[in-house]
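Fold and contact review
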Amino acid sequence: MMLYLRLAWRNIWRHRRRTMIVVLAIGLTTSMMLLYQGLMAGFDQAIYGNAIKVLGGNIQVHALGYADHPDERPMLPIADDLAAIEAAATSPQVLAATRRINTGGMVSNRQGALAVGIVGIEPEAELVASLVGQRISQGRFLTAADGDAVVIGQGLAVALEVGVGDRLTLVGRATHNQMRQRTMTVVGIYDLGMAEIEKATLYMSLAEAQSLYLAPGQSTEVVLWLRDLGQEAAVIRELAPRLAAYEVTSWKVNFPELTQTMASKGAVMDVFGVIMLAIAGIGTLNLMLMAVYERTREIGVLGALGLKPRQITLLFLLEGTLMGLLGALAGVALGLAFNAILGQVGYDFSLYTEMTSYTALIDGRVYSTLALDKAPQYIVTAMVISIVASLYPAREAARREPAAALHYV
Amino acid sequence: MKELLKIAYRGLGRNRRRTLLSALALGLGVALLLMMAAFVEGEMRGSLELGIRLESGHLQVRARDYDSSKASLAWEDLVQSPDVIAAQVAKLAPVRAAAPRLYASGILLAGDESLGVRIVGLDPDSATTGIYREGLRGGAWLAADDREGVLIGEALAAKRNLNVGDRITLLVNTSNGDVDEQRFVIRGIYTTNTPSYDQSNILMPLAKAQAISQAGNRASLIWVMLDDMFQAEAVAAALTSSQYEVKTWEQLNEFVLSIESYSGAMMAVFYLIVLGITATVVVNAMVMAVFERTREIGVLAAIGMKGRRIMALFLIESFLLAVIGVAMGLVLGGIIVYWVSTRGVYLGDLVADMGVTGLLMGDRIYGYLTAQDATMLVIAAFAVTMLASLYPAMLAAHMEPVQALHGGEA
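In terms of regular secondary structure, chain A is built from 15 helices and 12 strands. In terms of overall dimensions, chain A is more spread out than a globule: its C-alpha atoms have a radius of gyration of 30 Å, far above the 22 Å expected for 409 residues. Relative to its full complement of 409 residues, chain A shows a buried share of 51%. Of all intrachain contacts in chain A linking residues separated by at least 6 positions in sequence, the fraction that spans at least 24 positions is 80%.

Listed below in structure tokens is the structure:
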């Protein structure tokens, strides 16, 4: 076996030009597949990343039994929320971990009433990660010390005809199902360019929510804000031992509509990816076929020297595998370089579309992600393709009569 | 020239497998491009069509200050005597149907939860309500004089576990800012195959909606359907009056149209990647073929063929290859696109893109390939193949006859 490996290695360097062509083909196609993956993840981040921030962060920590509760956003206080935050801070992926009271209720004034999500937050801690705090268009964002203060969305402000300084009545359901009502002042308005989303949620300080919902010192949710979309599963795994006493779920569980939309689009894009792979595979097969037929005479010599067809097949298979490996490595290196460059520079879409002026939820600039996790997959795929592609011509070549093969021009 | 064509054709025919595989790679590439274009265009069309059928109609006649995201019920924001106006509009030749609608925001009380919903008051007998009537899944359609019946969406019924005949409580905002509370009976369950819409829209007869929201004989807008949607501008011009404004579907779906340009820019990058992969595959096969045929090129050069002619020969070969490949791609892509356009791709019953990307999305996407996209992509595939074959052709043209004749590995 070692002998064949050495022979194969020497052979691929003897035909340097041919090897370069094959390696280049595999390398370039692999790198472009990686670029495709990286860009797709980048688009997901641009289109859904901000939505996840607005909807409530990457990972949610709740009290045990939260998910099975019949209510959608139950007032179920977390037993030791500060311990959860401490644990979360140990992961380098976590940008911030904040406490929330997340529940629903009604908001009304003389214009009418609307059902809304009411969220008590730690404003200072959330500011680094949350889009709402960064997109205040009028007034100011909350502070921890705020009592009689809410921040509402532009859509809600229009629907209820209120501005900064106006008052709204909130009705909500506290722990033990008591109905609670309070009239509060609007101190700030956030604008995401999406009326439907802005109408859905209003924010107040955690302390005020605790007093409104009769939950002194408590919270119902700890949100972990991550640096990168897509790292949720890894972070949950990493923190699992420390957060055993809580229900830890990612946005994938908590916002199922978003997950399914992304998943079904991802499935379609994956089908496209498989077809690209097929194109690359056909190309590799073609090159391998050519490479082997070019060497018919050499095969004749090997046969004349007494190598059995099986041994010749093995030799060519090894050569194919080695070339596949070289190509895949070159491709991954090149692909990662492409992605790294696009990850730094970004691709500015706002040049081609006015859409980003409509909504803050979609980024105008797309940064490719590194797709490092996909790299092994591509190395294996490229190698499998080149093994399969070299198997057929190798067998055919090996079966030739040495004398006839020797006469081949 | 004819000679060259003949030689090129023979050159391709001599190594049929290679030609076929290269053409197949190119064909797959073209087919993939067509599929991608059809998918994206289909999604946009689907979304625009849903927008028109569910949110905008082809035209809307409404008060100047009306803001649809606010669902205002103040009298000055509403259309007076909507029946009269609708009847007038319906008389115009290009108009298929016109009927008043009233939108009010409300809250559905279900158990301990309150759910924000929109009340849609519509004329049950009008042809403008076809989409709901066709999508009736259980129970009965509304009667115009029904005083306590509503239709709810399938998605809402499933989420809240509601059935035909169940009673629900609705809080409805009214014109003077009060909130009216009333119990209703679910007469039927509809679906528009758009889960996000079905979850939040409750239908009731216009007369009842006017009564509960205290709008009197007023409506939010007149919903107009045309026989040909591209007549919208002309009809809008004919309808414009000092009192009301007329909005066309293009104005009302500006956002979807702007998303289309975003998707277009995004897909352009993916097209380039596909073209890049295809070109790499084709070029490498060609370069390999040029080296394999070194001896042949040497003979051609030795009998006096100029470098330029040799280059032309190889370019013609790639041209023929491109023709075969693109033709294969068109056939293959055509079949797939036809299949996707008629059968659709199922996305699942939870999709609720509205709000996140602002797209109204059905649970199924139907492909749609425009002639423009197809032409552009075919030309691009062709051009990229030809450009890419320049290098191997030049390689062949620059070979020294003597060295080439000695052939093989240099």
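That shown, we press on.
With that settled, consider the overall build of chain B. The helix and strand inventory of chain B stands at 14 helices and 14 strands. Whereas a compact globule of 410 residues would reach a radius of gyration of roughly 22 Å, chain B reaches 31 Å, over 25% beyond that. Looking at chain B residue by residue over its 410 residues, the buried ones come to 52%. Intrachain contacts of chain B at a sequence separation of at least 6 include 80% that bridge at least 24 residues.

Attention now goes to the pairing of strand E6 (residues 167-173) of chain A. Residues and elements named next belong to chain A. In this structure, strand E2 (residues 94-109) lies alongside E6, joined through 4 bridges in antiparallel fashion. Each residue of the ladder has a partner; that of Met-106, found in E6, is Val-171. Examined bridge by bridge, E6 and strand E7 (residues 179-190) share 7 bridges and lie antiparallel to one another. The partner of Arg-173 across the bridge, within E7, is Met-179.

Quick look at the pairing of strand E8 (residues 201-205) of chain A now. Residues and elements named next belong to chain A. Within E8, 5 of the 5 residues are buried, leaving the element largely enclosed by the surrounding structure. Sheet analysis places strand E3 (residues 112-121) next to E8, joined by 5 bridges and oriented parallel. If you follow Gly-117 over to E8, its bridge partner there is Thr-201. The pairing of strand E5 (residues 150-153) with E8 spans 2 bridges and is antiparallel.

To continue, consider the domain arrangement of chain A. The assigned domain composition of chain A is domain 1 (2-51 + 260-407) and domain 2 (59-228). For domain 1 of chain A versus domain 2 of chain A, the distance between C-alpha centres works out to 49 Å.

This part takes up the packing of helix H2 (residues 16-55) of chain A against helix H13 (residues 309-345) of chain A. All names here are of chain A. Here H2 crosses H13 at 40 degrees, and the two axes come no closer than 7 Å. When the interaxial angle is binned, H2 and H13 end up oblique. Taken as a pair, H2 and H13 cross one another with a handedness that is right-handed. Grouping the amino acids of the contact of H2 with H13 by side-chain chemistry returns 15 nonpolar, 11 polar and no charged.

What follows is about the domain arrangement of chain B. Along its sequence, chain B is carved into domain 1 (2-52 + 256-406) and domain 2 (67-219). Look at where the C-alpha atoms of domain 1 of chain B and domain 2 of chain B centre, and you get two points 50 Å apart.

Another aspect to go through is helix H11 (residues 294-302) of chain B. Residue and element names in this part refer to chain B. Every buried residue of H11 is listed here: Thr-294, Ile-297, Leu-300 and Ala-301. All buried residues of H11 lie within an arc of 120 degrees about the axis, which places them on one face of the element. Where the residues of H11 are buried, they touch helix H10 (254-292), helix H12 (307-343), helix H13 (371-397) and helix H14 (401-406). With its phi angle positive at about 105 degrees, Gly-304 sits one or two positions after the end of H11.

Time to look at the nonpolar core. Counting residues in hydrophobic clusters, the biggest one holds 229 residues, and the most contacted among them are Val150(A), Leu34(B), Val61(B), Leu203(B), Ile222(B) and Val224(B). Of the residues forming this core, the biggest block, 21 residues, is contributed by H2(A). Ranked by size, the runner-up nonpolar core spans 22 residues in total, among them Ala88(A), Leu224(A), Leu226(A) and Val235(A).

Turning next to unusual backbone geometry. Residues other than glycine seldom take positive phi values, yet Glu161(A) does so here, at roughly 50 degrees. Tracing the backbone shows Glu161(A) in the loop between helix H6 (154-160) and E6. The class of Glu161(A) is partly exposed, set by 15 C-beta atoms lying within 10 Å. Despite not being glycine, Gln214(B) has its phi angle at roughly 55 degrees, a positive value.

Turning to the environment of Phe255(B), a few remarks are in order. Considering the arrangement of structural elements, one finds Phe255(B) in helix H10. It is 19 Å that separates the C-alpha atoms of Phe255(B) and Ile365(B), two residues lying 110 residues apart in sequence.

Time to look at the environment of Arg182(A). All names here are of chain A. Within the secondary structure, Arg-182 is located in strand E7. Accessibility expressed as a C-beta count within 10 Å gives 15 for Arg-182, which makes it partly exposed. Setting aside its immediate chain neighbours within four residues, Arg-182 contacts Leu-170 and Leu-212.

The subject of this paragraph is H12(B). For H12(B), built from 37 residues, the straight-helix expectation of 54 Å at 1.5 Å per residue is met to within 8% by its first-to-last C-alpha distance of 53 Å. Once H12(B) finishes, Gly344(B) follows within two positions and takes phi at roughly 80 degrees, a positive value.

This paragraph deals with the environment of Gly51(B). Relative to the helices and strands, Gly51(B) is located in helix H2 (residues 16-56). As for Gly51(B) and Asn253(B), which are separated by 202 residues in sequence, their C-alpha atoms are 6.9 Å apart.

So, on to the confidence of the model for chain B. Residues and elements named next belong to chain B. Per-residue pLDDT for chain B averages 86, and the proportion of residues at 70 or more is 94%. When mean pLDDT is compared element by element in chain B, strand E9 (residues 201-205) scores highest at 95, while strand E13 (residues 345-346) scores lowest at 72. Within the model, the stretch residues 352-356 combines pLDDT values under 50 with 20 contacts to residues more than four positions away or in other chains. For this predicted complex, the interface score ipTM comes out at 0.80, alongside a pTM of 0.81.

Analysis parameters
- Residues take numbers from 1 onward in each chain, read along the sequence in its written order.
- Written order decides the labels, with chains lettered from A and ligands numbered from 1.
- The model is predicted, so local features are restricted to residues of pLDDT at least 70 and side-chain atom pairs to those at 80 or more, both for listing and for counting; the totals for chains, interfaces and linings are taken over all residues.
- Per the convention used, a helix needs a DSSP run of H or I reaching at least four residues, while a strand needs a run of E reaching at least two, with both numbered from the N terminus.
- The globule rule used here is 2.2 Å times the number of residues to the 0.38 power, and the radius of gyration it is set against is calculated over C-alpha atoms.
- Here a residue counts as buried when 20 or more other C-beta atoms fall within 10 Å of its C-beta, as exposed when 12 or fewer do, and as partly exposed in between; the C-beta atoms come from the backbone.
- Residues are treated as contacting if the C-beta atoms built from their backbones sit within 7 Å of each other.
- A pair of strands is treated as paired once DSSP finds two or more bridges between them.
- For each domain, the first and last residues come from an automatic or database assignment.
- Lines fitted to C-alpha atoms define the axes, with helix axes restricted to the stretch in contact, and inter-axis angles between N-to-C directions lie between 0 and 180 degrees.
- The scheme is simple: roughly parallel for angles under 35 degrees, roughly antiparallel for over 145, roughly perpendicular for 65 to 115, oblique for anything else.
- If you view the pair so one helix is near and one far, a crossing is left-handed when the near helix is turned anticlockwise from the far one by less than a right angle, and right-handed when it is turned clockwise.
- Amino acids outside the nonpolar list (Ala, Val, Leu, Ile, Met, Phe, Trp, Tyr, Cys, Pro) and the charged list (Asp, Glu, Lys, Arg) are all regarded as polar, and Gly is one of them.
- Throughout, the arc means that of the directions going from the helix axis to the C-beta atoms.
- Each nonpolar core reported here comprises buried Ala, Val, Leu, Ile, Met, Phe, Trp, Tyr and Cys residues connected via C-beta atoms within 7 Å.
- Multiply 1.5 Å by the residue count of a helix minus one, and that product is the helix's expected span.
- pLDDT gives the predictor's per-residue confidence on a scale running from 0 to 100.

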